[in-house]
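Commentary on secondary and tertiary structure
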Amino acid sequence: MRKRIPILVVGTVTLLFLGLIYGYSVVMAPLRAQFGWSVSGMTVIFALSMIAFTVGNLVAGKLLKRHDVRFVMTVAIAFLLVGFVGSALVDGEGSLPAVWFTYGIVASVGIGFVYNVIVPTVTAWFPDKTGMAQGICLMGYGLGGFVLGPVLTQLYAVTDWRIVFVAMAVVFSALVFASSVVIHMPTPEEAAALPASKAAGDNAGNAAGTQDVPTSGLFRDPTFYLFYLWMFLLGAVGMATTGIGREFPTSLGADAVTAAFVIGFVNIGSGLGRLIGGTLLDRIGRAPFMVGTACLSIAGALIMLAAQLTGSIAVQVAGCLVTGLAWGAVIVTMAFVVRKVWGQANFAENLAVVNSYGIFAALVGSIGSGVLVQAVGSLATVLVVMACFGVVGLVDALVLNAHRSKVARLKAATAASGAE
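All figures in this text were calculated on a predicted structure; none of them were measured in a lab. (Residues numbered from 1 in each chain as written. Predicted model: local features only at pLDDT ≥ 70, side-chain atom pairs only at ≥ 80, totals over all residues. Heavy atoms only, no water.)

**Focus: the packing of aromatic side chains**
- A full pass over the atoms with the stated rule returns 19 aromatic pairs.
- Plain terms: the ring middles of phenylalanine 224 and tyrosine 228 are 5.4 Å apart, the flat faces sit at 45° to each other, and that makes the pair tilted. Highlighted residues: phenylalanine 224 and tyrosine 228, both in helix α11 (residues 222-244), separated by 4 residues, approximately one helical turn. Just as phenylalanine 224 is buried, tyrosine 228 falls in that class too.
- Taking the centre distance of 5.9 Å and the plane angle of 20° together, the rings of phenylalanine 227 and tryptophan 230 count as stacked. Of this pair, phenylalanine 227 and tryptophan 230 both sit in helix α11, 3 residues apart, which is roughly one turn of that helix. (Phe/Tyr/Trp six-rings, centres within 6.5 Å; stacked < 30°, edge-to-face > 60°. Helix = DSSP H or I, 4+ residues; strand = E, 2+ residues; numbered from the N terminus. Buried < 20%, exposed > 50% of the residue type's maximum accessible area, 1.4 Å probe, protein only.)

In structure tokens form, the structure reads like this:
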């Protein structure tokens, strides 16, 4: 149906702008310079953002059960306006705790609302190309920091940062309102006219017999716990990289503009990882993709470590790109698995539950990495820990694959005995 293409485009553009949440070290650069915030204090902003974003996901999932898309988006606009305008008003010694609340919590809850409206809605329109649609949509979200980060840096050079924050509040709110006019769930008639999924096994979705699992059912499924652990481990690697952010290139002597450019490759990689990952998931399936993603995460951490040891910004660019690719692949895998394994009917709520991994990944990856850097004074130590997380994630993926294969064999045996 032609109607689903505009919905995908509008959803992608909206998430592109709100994806600036991942470029927080660029967003907060003039505030840190003016108020003298520490690295650990900065990483708390990002950690709170990820936690509040997840809370926004959970609340939006509940609201979508009772209200339409426009109502949830309107609530999101209120959070975005209060969060960004409130951040523009901070001053003095209490500026950092104030930003923890206004940007780290309030604005990020609003972004979480929008995210968990757009992703389930877009997914509902593409049962035949779930991975591709999610990949395109999430690519926009992942590229937000890279596309808008340099623009923001230039704006800060010519405009007071407080004015820029108010402008972001207005622009983001206007975009969310416009998207609420276009984006909606397909009606039963529209859903019936959509092409069905032809995949099988872990890729099947409802079209091949997968049942719609309620949120309570996740906690009785071993797949949930193994997948959640994988998300946490590899998500923590991505959040550690973004949490420390510009400190990586700055430690190698990069100036502010160069640092924003270099760390922006995490966002480029994340965007590409979501787009390419979504397409690959449709083609090769979950099992080999999760193994490959874990290997990519390990490689990214090791390349970043090599950059620190050699002092090479060029190597660091490569490390940021590979780390971003892995993180983007992790994000699109989450949406894909939730839809294909546990169904569409409770997608928003189930996605929010799985996405709560971000709370723990932010605490360990973002805050933990900041504290570790402050304690040992070495970015290399953080990167070694990141590589270890990737290794454990690889082992977890292999265990999950073995479990899913066993479940598939048991189902096949039960079906065969029933046929007899």
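There is more to say after this.
**Structural notes on the nonpolar core**
- Counting residues in each nonpolar core, the largest one holds 103 residues, and the members touching the most others are Met28, Tyr103, Tyr115, Phe165 and Met168.
- The biggest single contributor to this core is helix α6 (residues 95-125), with 14 residues.
- Discounting chain neighbours no more than four positions away, the residues touching tyrosine 103 are Leu20, Ile21, Tyr24, Val27, Met28, Ile45, Ser49, Gly83, Phe84, Ser87, Ser108 and Phe165.
- Within the second largest apolar cluster, 23 residues are counted, among which are Met139, Leu305, Met386 and Ala387. (Core = buried A, V, L, I, M, F, W, Y, C linked by side-chain atoms within 4.5 Å. Contact = heavy atoms within 4.5 Å.)

**Observations regarding the environment of asparagine 350**
- Relative to the assigned elements, asparagine 350 resides in helix α16 (residues 347-355).
- Here asparagine 350 falls in the buried class, since its relative accessible area comes to 0%.
- In the structure, asparagine 350 is positioned 132 residues away from leucine 218 in sequence and 7.8 Å away in space, judged by C-alpha atoms.

**Thoughts on a nonpolar patch on the surface**
- Together, Val85, Leu89, Val166 and Val170 line one region of the surface with nonpolar side chains, adding up to about 340 Å² of accessible area.
- If you trace the backbone, leucine 89 turns up in the loop between α5 (69-88) and α6. (Patch = residues over 30% accessible without salt bridge, like charges linked within 9 Å, V, L, I, M, F, W, Y side chains within 5 Å. Areas by Shrake-Rupley, 256 points an atom, 1.4 Å probe, with all protein chains shown as cover. Salt bridge = Lys/Arg side-chain N within 4 Å of Asp/Glu carboxyl O.)

**Some details on the pattern of salt bridges**
- Inspection of every chain in the model, using the stated rule, returns 6 salt bridges.
- With its nearest N and O atoms 3.0 Å apart, the salt bridge here joins arginine 4 to aspartate 128. Linking arginine 4 in helix α1 (residues 4-18) with aspartate 128 in the loop between α6 and α7 (130-158), this pair joins segments that are 124 residues apart in sequence.
- Residue classification places arginine 4 among the buried positions, given a relative accessible area of 9%.
- One salt bridge in this structure joins glutamate 349 and lysine 62, with 3.2 Å as the shortest N-O distance. Separated by 287 residues along the polypeptide, glutamate 349 in helix α16 and lysine 62 in helix α4 (residues 39-66) bring together distant segments of the chain.
- Judged by relative accessible area, glutamate 349 falls into the buried class, the value being 13%.
- Judged by relative accessible area, lysine 62 falls into the exposed class, the value being 53%.
- Salt bridges here are not isolated pairs; linked through shared partners, they connect Lys62, Lys65 and Glu349.

**Overview of the packing of α7 against helix α8 (residues 161-182)**
- Following both chains from N to C, one finds α7 and α8 inclined at 135°, their axes separated by 8 Å at the closest point. Considered as vectors, α7 and α8 are oriented oblique to each other. Taking contact as the criterion, the partners of Leu152, Leu155 and Tyr156 in α7 are, on α8, Trp161, Val164, Phe165 and Met168.
- Of the residues belonging to the contact of α7 with α8, the class tally is 7 nonpolar, no polar and no charged. (Axes fitted to C-alpha atoms, helices over the stretch in contact; angles between N-to-C directions. Parallel < 35°, antiparallel > 145°, perpendicular 65-115°, else oblique. Nonpolar A, V, L, I, M, F, W, Y, C, P; charged D, E, K, R; others polar.)

**Things to note about the confidence of the model for the chain**
- Per-residue pLDDT for the chain has a mean of 87; in total, 95% of the residues score no lower than 70.
- Counting contacts from residues 204-209, a segment whose pLDDT is below 50, to residues more than four positions away or on other chains yields 15 contacts. (pLDDT = per-residue confidence, 0-100.)

**Let's talk about the state of the cysteines**
- Under the defined criterion, the tally for this structure stands at 0 disulfides.
- Cysteine cysteine 320 is unpaired, with the sulfur of cysteine 388 as its nearest cysteine sulfur at 19 Å.
- Among the residues examined, cysteine 320 registers a relative accessible area of 0% and is labelled buried.
- The cysteine cysteine 388 is free of any disulfide, with cysteine 295 supplying the nearest cysteine sulfur at 15 Å.
- Overall, the relative accessible area of 43% leaves cysteine 388 in the partly exposed class. (Disulfide = S-S within 2.5 Å.)

**Quick notes on the packing of α11 against helix α14 (residues 286-310)**
- Between α11 and α14, whose axes approach to 11 Å, the crossing angle comes to 25°. Classified by the angle their axes make, α11 and α14 are roughly parallel. As for the relative orientation of α11 and α14, their crossing is left-handed in sense. Facing Phe227, Trp230, Leu234, Val237 and Thr241 of α11, the residues of α14 in contact are Met290, Thr293, Ala294, Ser297 and Met304.
- Partitioned by chemical class, the residues of the contact of α11 with α14 number 7 nonpolar, 3 polar and no charged. (Left-handed = near helix turned anticlockwise from the far one by under 90°.)

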